[in-house]
Amino acid sequence: MSKIERIETTILDIPTIRGHVLSMTTMMAQSIVLVRVRFSDGSVGLGEGTSIGGMSYGPESPESIQTAIESYITPLLEGRDGNDVNGAIQLVEKAVRGNPIARCAVEIALWDGLGRRLGVPVAQLFGGSVRRAMPVAWTLASGRSETDIAEAEEMIATRRHDIFKLKIGKRSVRDDLAHVEAIARALGGRASIRVDVNQAWSQTEARQGLAGLAAIGVALAEQPIRIGSLAALRALTERSDIAIMADEQLNGPADALAVAAERAADVFAVKIGQSGGLKRASEVTAIGEAAGIGLYGGTMLEAGVSTAAALQLFSTVARLDWGTELFGPLLLKDEILAEPIRYHDFSAHLPEGPGIGVTLDAEKVDYYRRGRARTLHAVS
Ligand code: MUC
Ligand code: MG
């Protein structure tokens, strides 16, 4: 038996390559809660959890993720059989309500440790991968149409992305439609254009906005209205000419079942963090598949560890109708993996090797560690 000996957490603060403008916040950096689970046989499992814009996107923050893990999850798991991942999930779910990102960060590390000890990728623990590469969207969110167009052109030219998600909802519907139209016209059918409103629209704004987006030729709108009323989301989905995707609305299998039962959305943004771990995210995909709802591999703008874990899971899903947006590491100014995840030919590629298939660059981790005393050298 390989026991869980110790669980360690570290917060890293890494600048983004540019301001990432969402309806509720502008991100200049991403804070990553890195988890290391140390097992009695010497093996180590890696995990990661991120929120977006502190607490502005959802109820968890980097600090709450760290506290939930250190004060509530770790005492439950230390000394337990490291191979009993399902037992750990059940124990944690019973004692820790909510906090899906914190639970997921630890669960990733447990699957990673198990895969490493068995010498198999995590995908194999979920039945095996059916694809090694997945289409990957890029989010255009500089806040300026011209900059977004230039960014998209570069992504298409370098064959990195041809699916673009535009962040809207901060400005008026009219201004947002002009912005989306400018980008769609510039790219002229060479890319799939989608939008994410991040809950910003009222029901009336959503009706107007969705009609305008359909006229422009946008393929999909993500979370147009605030979460809570499935009846309201369903009313929009029923009359919309473009696909409606549920994102913030989905916090695990029970929410997925409720959305599916109401036919409140056409597509699920499946996020391993928001779902409360790989296991529950796989159940969300199963509910979506059974209900005939389209699937999309979503992100919380995670760095390489959680992105690799998500790739492992999404590689096992039968239909990924809308591809993925697992571009998180590319939004960061620096890479914390020893070997970065590969992005080319409009796809993210599944890392090779046991567990989630990635290792850390120890120096980078140390450099971005929160609270680390940075030595400033005077320039003469
Ligand atoms: C979200 O709302 O989907 C995913 C991509 C991105 O740019 O923001 C996130 C969060
Ligand atoms: Mg979203």
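Residues numbered from 1 in each chain as written. Chains lettered and ligands numbered in written order. Predicted model: local features only at pLDDT ≥ 70, side-chain atom pairs only at ≥ 80, totals over all residues. Heavy atoms only, no water.

Taken domain by domain, the protein chain consists of domain 1 (4–119 + 362–368) and domain 2 (124–349). Facing 40 residues of domain 1, the contacting portion of domain 2 comprises 44 residues. For the pair domain 1 and domain 2, the summed buried surface comes to about 3500 Å²; carbon and sulfur atoms form 64% of the total. Here domain 1 is connected to domain 2 by 3 salt bridges. A salt bridge links D334 to K364; the nearest nitrogen and oxygen atoms lie 3.0 Å apart. Connecting domain 1 to domain 2 are 23 residue pairs in polar contact (both at pLDDT 80 or more). Counting residues per element, the ones that place at least two in the side of domain 1 that touches domain 2 are strand 1 (4–21), strand 2 (26–39), strand 3 (44–50), helix 2 (85–95), helix 3 (100–118) and helix 14 (362–368). If you tally residues by element for the side of domain 1 that touches domain 2, the top one is helix 3, at 10 residues. (Domains from an automatic or database assignment. Contact = heavy atoms within 4.5 Å. Buried area = accessible area lost by both parts, 1.4 Å probe. Salt bridge = Lys/Arg side-chain N within 4 Å of Asp/Glu carboxyl O. Polar contact = N/O pair within 3.5 Å; in protein donor to acceptor, adjacent residues only side chain to side chain. Helix = DSSP H or I, 4+ residues; strand = E, 2+ residues; numbered from the N terminus.)

Tracing the backbone through its elements, the reader meets G42 in the loop between strand 2 and strand 3. On the basis of relative accessibility, which here comes to 56%, the residue G42 falls in the exposed class. Along the backbone, G42 and A258 are 216 residues apart, and their C-alpha atoms lie at a distance of 43 Å. (Buried < 20%, exposed > 50% of the residue type's maximum accessible area, 1.4 Å probe, protein only.)

Further remarks concern the site of ligand 1. Lining the immediate environment of ligand 1, one finds 15 residues, of which H20, T139, K165, D196 and N198 sit closest. Between ligand 1 and D196, the relevant distance is 2.9 Å, taken from an oxygen atom to a side-chain nitrogen or oxygen of the residue. The separation between an oxygen atom of ligand 1 and a polar side-chain atom of E222 is 3.1 Å. Protein contact buries 100% of the 280 Å² of open area that ligand 1 shows by itself. Tallied by class, residues from the shell around ligand 1 come to 4 nonpolar, 4 polar and 7 charged. For the shell around ligand 1, the domains that each give at least three residues are domain 1 (4–119 + 362–368) and domain 2 (124–349). (Near = heavy atom within 4 Å. Areas by Shrake-Rupley, 256 points an atom, 1.4 Å probe, with all protein chains shown as cover. Nonpolar A, V, L, I, M, F, W, Y, C, P; charged D, E, K, R; others polar.)

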